[in-house]
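Spelled out from the first residue to the last, the chains are:
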Amino acid sequence: MKVLITGVTGFVGSHLADYVLENCRGVELFGLYRWRSRTENIEHSRQFFEMIECDLRDASSVRKVINKIRPDRIFHLAAQSFVPSSWNAPTESVVINVIGQINIFEAIREVGIDPWIQIACSSEEYGMVYSGEIPIKETNPLRPLSPYAVSKVGQDLLGYQYSMSYGLKVIRTRGFNHTGPRRGAVFVCSDFARQIVEIEKGLRKPVIMVGNLEAKRDFTDVRDMVHAYWLALEGNCVPGEVYNISSGKCWEIREVLEMLLEMTDAEIEIRQDKNRLRPSDVPILLGDNFKFRQATGWEPMIPFQKTLRDILEYWRCRIN
Ligand code: GDD
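All figures in this text were calculated on a predicted structure; none of them were measured in a lab.

Definitions and limits used
- Residues numbered from 1 in each chain as written.
- Predicted model: local features only at pLDDT ≥ 70, side-chain atom pairs only at ≥ 80, totals over all residues.
- Heavy atoms only, no water.
- Helix = DSSP H or I, 4+ residues; strand = E, 2+ residues; numbered from the N terminus.
- Expected span 1.5 Å × (residues − 1).
- Buried < 20%, exposed > 50% of the residue type's maximum accessible area, 1.4 Å probe, protein only.
- Near = heavy atom within 4 Å.
- Polar contact = N/O pair within 3.5 Å; in protein donor to acceptor, adjacent residues only side chain to side chain.
- Areas by Shrake-Rupley, 256 points an atom, 1.4 Å probe, with all protein chains shown as cover.
- Nonpolar A, V, L, I, M, F, W, Y, C, P; charged D, E, K, R; others polar.
- Domains from an automatic or database assignment.
- Pairing = 2+ DSSP bridges.
- Right-handed = clockwise from strand over helix to strand, strands pointing away.
- Contact = heavy atoms within 4.5 Å.
- Buried area = accessible area lost by both parts, 1.4 Å probe.
- Salt bridge = Lys/Arg side-chain N within 4 Å of Asp/Glu carboxyl O.
- Axes fitted to C-alpha atoms, helices over the stretch in contact; angles between N-to-C directions.

Q: Is there a simple way to explain helix α1 (residues 11-23) in this structure?
A: Owing to its 3.6 residues per turn, the α-helix aligns residues three or four sequence positions apart on the same side. The terminal C-alpha atoms of α1, which comprises 13 residues, lie 19 Å apart, in line with the 18 Å expected from a rise of 1.5 Å per residue. The element α1 is largely enclosed, with a buried count of 10 among its 13 residues. Looking only at α1, the buried set comprises Phe-11, Val-12, Gly-13, Ser-14, His-15, Leu-16, Ala-17, Asp-18, Tyr-19 and Val-20.

Q: Just checking my understanding: could you explain the site of the ligand for this structure?
A: Of all residues adjacent to the ligand, which total 26 residues, the nearest are Ser-81, Ser-122, Ser-123, Tyr-148 and Arg-278. Arg-183 places a polar side-chain atom, nitrogen or oxygen, 2.6 Å from an oxygen atom of the ligand. Notes on the ligand: free accessible area 720 Å², of which the protein chains cover 96%. Sort the elements by how many residues they give to the shell around the ligand and helix α6 (residues 188-200) lands first, with 3 residues. For the shell around the ligand, a count of residues per class yields 12 nonpolar, 7 polar and 7 charged. Both domains that furnish three or more residues to the shell around the ligand are identified here as domain 1 (2-179 + 219-248 + 291-296) and domain 2 (188-216 + 249-285 + 303-318).

Q: It is not clear to me how the pairing of strand β2 (residues 28-33) should be interpreted in this structure. Could you clarify?
A: Remember that side chains alternate between the two faces of the sheet whenever the strand is regular. In terms of strand pairing, strand β1 (residues 2-6) meets β2 through 5 bridges, oriented parallel. Within β2, the residue paired with Lys-2 across the bridge is Glu-28. Regarding topology, α1 serves as the crossover connection from β1 to the parallel β2, and that connection is right-handed. Bridge count between β2 and strand β3 (residues 50-53): 4 bridges; the pairing is parallel. Bridge pairing in β3 links Tyr-33 to Glu-53.

Q: For this particular structure, what's the right way to read the domain arrangement of the protein chain?
A: One frequently used descriptor of interface size is the decrease in accessible area upon assembly of the parts. For the protein chain, the assigned domains are domain 1 (2-179 + 219-248 + 291-296) and domain 2 (188-216 + 249-285 + 303-318). Each of domain 1 and domain 2 has a C-alpha centre, and the two are 27 Å apart. Listed by partner, the interface residues are 23 residues for domain 1 and 21 residues for domain 2. Both faces combined, the contact of domain 1 with domain 2 buries some 1,700 Å², and carbon together with sulfur accounts for 63% of it. The three residues of domain 1 that bury the most area against domain 2 are Trp-87, Thr-179 and Phe-219, which together make up 34% of that side's buried surface. The salt bridge partner of Glu-40 is Arg-318, with a shortest N-O separation of 3.8 Å. Across the contact surface, domain 1 and domain 2 share 4 residue pairs in polar contact (both at pLDDT 80 or more). The element contributing the most residues to the side of domain 1 that touches domain 2 is helix α3 (residues 83-88), with 3 residues.

Q: Quick question: what am I supposed to make of the sheet that holds β3 here?
A: Two modes of strand pairing occur in sheets, parallel and antiparallel, and in both the strands are linked by backbone hydrogen bonds. Spatially, the 7 strands line up as an open sheet ordered β3-β2-β1-β4-β5-β6-β11, and their pairing is parallel. The outermost strands of the open sheet, each flanked by one partner alone, are β3 and β11 (242-245). Each strand axis lies, on average, 20 degrees off the axis of its neighbour in the sheet, ignoring direction. Here 4 bridges tie strand β6 (residues 169-175) to β11, and the two strands are oriented parallel to one another. Looking across to β11, one finds that Arg-172 is bridged to Val-242.

Q: I'm lost on the environment of Cys-237 in this one. Help?
A: For Cys-237, the location among the structural elements is in the loop between α7 (222-232) and β11. Given the relative accessible area of 6%, Cys-237 is considered buried. Measuring from C-alpha to C-alpha, the distance between Cys-237 and Thr-296 comes to 7.2 Å, with 59 residues separating the pair along the chain. Once residues within four sequence positions are removed from consideration, Cys-237 is found in contact with Trp-116, Ile-171, Ala-232, Tyr-243, Phe-292, Ala-295 and Thr-296.

Q: How do you make sense of the pattern of salt bridges when you look at a structure like this?
A: Opposite charge on two side chains lets them pair, provided their charged atoms get close. Across all of its chains, the model carries 32 salt bridges by this definition. Glu-124 is paired through a salt bridge with Arg-217; the nearest N and O atoms lie 3.7 Å apart. Of the two residues, Glu-124 is situated in the loop between β5 (116-122) and α5 (147-166) and Arg-217 in strand β9 (residues 216-217); the sequence distance between them amounts to 93 residues. Neither Glu-124 nor Arg-217 differs from the other in exposure class; each is buried. Here Glu-200 ties to Arg-316 by a salt bridge, and the two come within 2.7 Å at their closest N and O atoms. Of this pair, Glu-200 sits in helix α6 while Arg-316 sits in helix α10 (residues 304-318), and the two are 116 residues apart along the sequence. Each of the salt bridges in this network shares a partner with another, and the network as a whole consists of Glu-124, Arg-217, Arg-278 and Asp-281.

If you want it as structure tokens, here you go:
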């Protein structure tokens, strides 16, 4: 079986590659990357799969690659995934996320293959959620609060539309927050952990800069998340349908910070940085994962405290 991961050099893509290489027999693995992609996340694994250069914004490039590989399964993880960047460069987020996915879908149709496709949609799509709507089910209205979230609504609904119009076997996964080692340093857990480690190593004054600590997020370890993505194409998920993937527990960002601070001996002052506040921030994301668990038998296994400890260790090893 041929498996293709878009965004294989990224945080989630590299963990999915690890999962496939360790657990899935009889798989020929391919990964797409852009020529400027940093490859540090896959240095340990890249000799075990084929890397192919492709820019998802370029339809002809995508068509060539899909025709060459003719994959049986596609995990579409490549994206502009940082919410704040989408305010600075909204067009870029929409082009990479929406047009990139259209190019994959159209290439599949033109080449005439019939793969299973997982698309990484996002809990950010729910956006403004009211108190009576928690935990959030897949049927909740989508009220996106950032250009990024709108781009993910676009991907999500295109997944539905291509499935209904052309019978593409698309599984739409709405991933709630996920984190772990290799998480980009701009995302909250990694950002805080990296600052703590820089303070431990004397590279920064003992002050941690933070944004909105009142937001609440439902975190899953990335290693549980990629297992879920694999099961999304392996279990009884229905093409065209959407599935929340979440831990079902949420934490205030202030609690996340406190947990991390308990894991260090350093004395650290907390300071809010106005530049870290967003024009609008989703107040709470807590997912109802019943539909996905029923379809696949998936359960998150890794406690959040372990995830946070692993992120700290990751930065302690990387920063000298
Ligand atoms: N990054 C960051 N840095 N976030 C902070 C900080 C800070 O210093 N202080 C507070 N926060 C808050 C943010 O305002 C947000 O409410 C929360 O921490 C999480 O921020 P991020 O880690 O940047 O993630 P996100 O929730 O915006 O988006 C992530 O999850 C989505 C799924 O819900 C990303 O991984 C998206 O790609 C993903 O779709």
